[in-house]
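Listed below, chain by chain, are the residues.
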Amino acid sequence: GGKTIHTFTNSGTFANPTALNGGASNPLTCEVVLVGGGGGAASGGGGAGGYITGPQTIASASSFAITIGAGGAGSRGPGNVRGSQGVNTVVAFPGGTETAGWGGGGGGDTNGAAPSGQPSPDGSGGGGSWGDPGGGAPSSKGNAGGAGVPTNTGAHGAGGGGGAGGSGQNGTASAGGAGGIGKQIPATFQNPLSTPGSNGGGLGMPGPTSTNVAGGTSGKFWVAGGGAGQDFDAGQNRGGGGSSGPFAGGGDSSASSNSAPAIGSPGHVNTGGGGGGSYATN
């Protein structure tokens, strides 16, 4: 549409030489999207990184630093500790620094004794583990993680991580909660010649209106979905990033999380999605 899209998937510097403005010293009027690093999962799904979009004015012959936040590490094993939080994405715009916050880690699996899903001040909260009904607290820039099943009745699911577009779902007696839905980036960033793949690549994921990225843009360009919570029953495999997932970048839960070595899938690269939950003792 006559616009230039600059995509940063690694930290770097945005330079605005005078030549970008036709040789004039006029400022650039830009639209921006920032996504923070998603949280790692344990039993509960990881929360999505923060999502910010809006206008910016960038002076001619200026430059500024862009720091891309990484996703947090997942957690399994005897320690049963919570997944790690993601990392902030920070852009030092000339008019003021903007920060898309980290997503919270998913709660660990020790039947209530481990940390619950991690709240995030500027991203979305991690999902609560089974045996611990706590999810992540909501914030002004994200959503809460879902609650885990509070009691082990022979089958138990953990909560999904929060997404930029909605809260994570609660776990049930047999299945983990789906991760919260993400956000579709603005239409001005949706180049119809781009086809986001299964690994995201900074262009987002297929969305809830389409599982086929070919043909149109309505099903593309989704980011910052929460990761799904741990399932107990084999084959449940709840999708990350929404109940009809997988889309929006959040990781799926493991397909048979009561059997080693099943693990959930990570959040999709360069989308800010949270990781998918696993049975933490295998």
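Residues numbered from 1 in each chain as written. Predicted model: local features only at pLDDT ≥ 70, side-chain atom pairs only at ≥ 80, totals over all residues. Heavy atoms only, no water.

A. Structural detail: the nonpolar core. Counting 12 residues, the largest nonpolar core consists of Phe14, Leu28, Cys30, Val32, Leu34, Ile52, Ile58, Phe64, Ile66, Val91, Phe93 and Ala100. Looking at this core, the elements with two or more residues in it are strand 2 (28-35), strand 3 (51-58), strand 4 (62-67) and strand 5 (89-93). Looking at this core element by element, the count peaks at 4 residues for strand 2. The residues touching Leu34, leaving out its near neighbours within four places in the chain, are Gly50, Tyr51, Ile52, Thr89, Val91, Phe93, Glu98 and Ala100. (Core = buried A, V, L, I, M, F, W, Y, C linked by side-chain atoms within 4.5 Å. Buried < 20%, exposed > 50% of the residue type's maximum accessible area, 1.4 Å probe, protein only. Helix = DSSP H or I, 4+ residues; strand = E, 2+ residues; numbered from the N terminus. Contact = heavy atoms within 4.5 Å.)

B. Here's a closer look at unusual backbone geometry. Of note, Ala61 is a non-glycine position whose phi angle comes to about 60°, a positive value. Here Ala61 lies in the loop between strand 3 and strand 4. Phi is positive for Asn270, which is not a glycine, with a value near 60°.

C. Examining the packing of aromatic side chains more closely. Going through the model one piece at a time under the given rule, you end up with 2 aromatic pairs. Relative to Phe64, the ring of Phe14 lies with its centre 5.3 Å away and its plane at 25°, an arrangement referred to as stacked. With Phe14 in strand 1 (residues 12-16) and Phe64 in strand 4, the pair connects residues that are 50 residues apart, well separated along the chain. Look at Phe14 and you get buried, because its relative accessible area is 9%. Residue class for Phe64 comes out buried when judged on its relative accessible area of 6%. Judged by centre distance (5.4 Å) and plane angle (50°), the ring pair of Phe64 and Phe93 falls under tilted. Separated by 29 residues along the polypeptide, Phe64 in strand 4 and Phe93 in strand 5 bring together distant segments of the chain. The exposure class of Phe93 is buried, given its relative accessible area of 7%. (Phe/Tyr/Trp six-rings, centres within 6.5 Å; stacked < 30°, edge-to-face > 60°.)

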